[in-house]
Amino acid sequence: MRLLIMGPPGAGKGTQAKLIGEHYGIPAISTGDIFRAMKTADTPLAQQVREIMSSGGYVSDEITNRIVAERLAEPDCDGGFLLDGYPRTIAQVETLDAALAERGTPLDVVLSLQADEDEVVSRLLKRAETEGRADDNEETIRVRQHMYAEQTAPLLEIYRGQGLLVEVDGLGDVEEVSGRLFAALDEKLGGSTVGHGELIEDPS
Ligand code: ADP
């Protein structure tokens, strides 16, 4: 099972991605987590990632595409994966599409986690207090929302056009939302899904 989860910053993608990964036995890969882990290193690339992330901007497509391609080549992705926070630009969509087409392993579903702007901004401000994430301050949050609206939200229409998009309401507590996501995925995939992304057809 090959999935994407999309949605504005603060919609809860990271939390839900982990739960979906555990539920279906596939790795949940977050580009944000990969970049956060990278930025502590003492290299020119780490320095660049640090600066971009603290401004709320996007890391370049070139770097991002390369990092994701390397991650998807790891053997744990052979049985499927869930990408969280990627693709975020049209160029990333094209690179991912081409890579998956070459392997003959297209995407199955693109999940869109929906939450309105007031809700996500208040969640991010709350997270700033509890987790102290460096990019959760008012200024950066504004930039990230703007980047999302401008560069990433239009990608949903591409996936809608491909018949892959499934929209799920991201409001409510964590279990409520994950229940909706599992139900939406099972419905879209037309059967119950277990283990390493294998699809068990519903015999009825
Ligand atoms: P959020 O969804 O809350 O903005 P993420 O953890 O997904 O947080 O991403 C944090 C930051 O990492 C982004 O603001 C951006 O700077 C960088 N980043 C993550 N994924 C990508 C991507 N696919 N392309 C470019 N930059 C990215």
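This text follows the structure it describes.
Going along each chain's sequence as written, the residues are numbered from 1 onward. Owing to the predicted nature of the model, reporting of local features is limited to residues with pLDDT of at least 70; listing and counting of side-chain atom pairs is limited to 80 or more, with chain, interface and lining totals taken over all residues. Here the side-chain values reflect all heavy atoms present in the structure, with hydrogen atoms and water set aside.

(A) Up close: the overall build of the protein chain. Helix and strand counts for the protein chain come out as 8 helices and 7 strands. In terms of its C-alpha atoms, the protein chain occupies a principal-axis envelope of roughly 55 × 35 × 30 Å. Expressed as a percentage of the 204 residues in the protein chain, the buried residues total 44%. Here the open area of atoms and residues is found with the Shrake-Rupley method and a 1.4 Å probe, where only the protein chains shown may cover a residue. Carbon together with sulfur atoms contributes 52% to the accessible area of the protein chain, which is approximately 10,300 Å² in total. Under this rule, positive means Lys or Arg and negative means Asp or Glu; His and the chain ends count for nothing. For charged residues, the charge sits on one atom: NZ in Lys, CZ in Arg, CG in Asp, CD in Glu. Of the charged side chains in the protein chain, 19 are positive and 37 negative; the average position of the first set lies 4 Å away from that of the second. Helix and strand definitions follow DSSP, with helices as H or I runs of at least four residues and strands as E runs of at least two, each counted in order from the N terminus. Type-normalised accessible area, obtained with a 1.4 Å probe on protein chains alone, sets the label of each residue: buried when under 20%, exposed when over 50%, and partly exposed for intermediate values.

(B) Main features of the site of the ligand. Any residue with a heavy atom positioned within 4 Å of a molecule or strand is treated as near that molecule or strand. Around the ligand there are 19 residues in total, and Thr 31, Arg 36, Gly 57, Gly 85 and Arg 88 lie nearest to it. N or O atoms within 3.5 Å of each other form a polar contact, as long as, within protein, one can give a hydrogen and the other can take it, and as long as residues adjacent in sequence are counted only when both atoms are side-chain atoms. Gln 92 is positioned such that a nitrogen or oxygen atom in its side chain is 3.0 Å from a nitrogen atom of the ligand. Take Arg 144: an N or O atom from its side chain is 3.0 Å from an oxygen atom of the ligand. When the ligand sits alone it has 550 Å² of accessible area, and the protein chains cover 97% of it. Ranked by residues supplied to the shell around the ligand, first place goes to helix α2 (residues 31-38) with 4 residues. In this classification, Asp, Glu, Lys and Arg are treated as charged, Ala, Val, Leu, Ile, Met, Phe, Trp, Tyr, Cys and Pro as nonpolar, and every other residue, Gly included, as polar. Residues belonging to the shell around the ligand are distributed by class as follows: 6 nonpolar, 6 polar and 7 charged.

(C) Representation of unusual backbone geometry. Residue Tyr 86 is joined to Pro 87 through a cis peptide bond whose omega torsion reads -5°. On the secondary structure map, Pro 87 appears in the loop between β3 (81-84) and α5 (90-103).

(D) Helix α4 (residues 61-72), seen in detail. In a regular helix each residue adds 1.5 Å, so 12 residues correspond to 16 Å; α4 covers 16 Å between its end C-alpha atoms and thus fits that length. All of the buried residues in α4 are Ile 63, Thr 64, Asn 65, Ile 67, Val 68 and Leu 72. The inward-facing, buried residues of α4 contact β2 (28-30), α2, α3 (44-55), β3 and α5. The length a helix should cover is 1.5 Å for every residue beyond the first. Should any heavy atoms of two residues lie within 4.5 Å, those residues are counted as being in contact.

(E) Spatial organisation of the side chain of Gln 145. Relative to the helices and strands, Gln 145 resides in helix α7 (residues 138-161). Residue classification places Gln 145 among the buried residues on the basis of a relative accessible area of 8%. Engagement of the side chain of Gln 145 in a polar contact is seen with the backbone oxygen of Pro 9, the distance being 3.2 Å. Residue contacts for Gln 145: discarding those within four places in its chain leaves Pro 8, Pro 9, Glu 117, Val 120, Val 121 and Leu 124.

(F) Broad picture of the packing of α2 against α4. Where α2 contacts α4, the two axes come as close as 11 Å, and the packing angle between them is 105°. Considering the angle they form, α2 stands roughly perpendicular to α4. On α4, the residues that touch Thr 31, Ile 34, Phe 35 and Met 38 of α2 are Ile 63, Thr 64, Ile 67, Val 68 and Arg 71. Fitting a line to C-alpha atoms yields each axis, with helices limited to the stretch in contact; the angle taken between N-to-C directions then spans 0 to 180 degrees. By the definition adopted for this analysis, an angle is roughly parallel if under 35 degrees, roughly antiparallel if over 145, roughly perpendicular if from 65 to 115, and oblique otherwise.

(G) Quick peek at the sheet that holds β3. Whether two strands pair comes down to DSSP finding at least two bridges between them. Read from one edge of the open sheet, 5 strands run β2-β3-β1-β4-β5, paired in parallel fashion. Only two strands of the sheet have a single neighbouring strand rather than two, namely β2 and β5 (165-169). Across the sheet, the mean angle separating the axes of adjacent strands is 25° when strand polarity is ignored. Of the pairings in the sheet, the one linking β2 to β3 comprises 3 bridges and is parallel in character. Of the residues in β3, the one forming a bridge with Ala 28 is Leu 82. Of the strands in this sheet, β1 (2-6), β4 (109-114) and β5 are in contact with α7, which crosses β1 at around 140°.

(H) Region of the structure containing α7. If you check α7, its first and last C-alpha atoms are 34 Å apart, about what 24 residues at 1.5 Å a residue would give, namely 34 Å. Along its length, α7 reaches its greatest deviation from straightness, about 45°, at Ala 149. Listed as buried for α7 are Thr 140, Ile 141, Arg 144, Gln 145, Met 147, Tyr 148, Thr 152, Leu 155, Leu 156 and Tyr 159. Lining the buried residues of α7 we find β1, α3, α5, β4, α6 (117-130) and β5. Note that bend, as reported per residue, equals the angle between axes fitted to the 7 residues terminating at that residue and the 7 residues originating from it.

No statement about biological role is implied by the geometric values presented.
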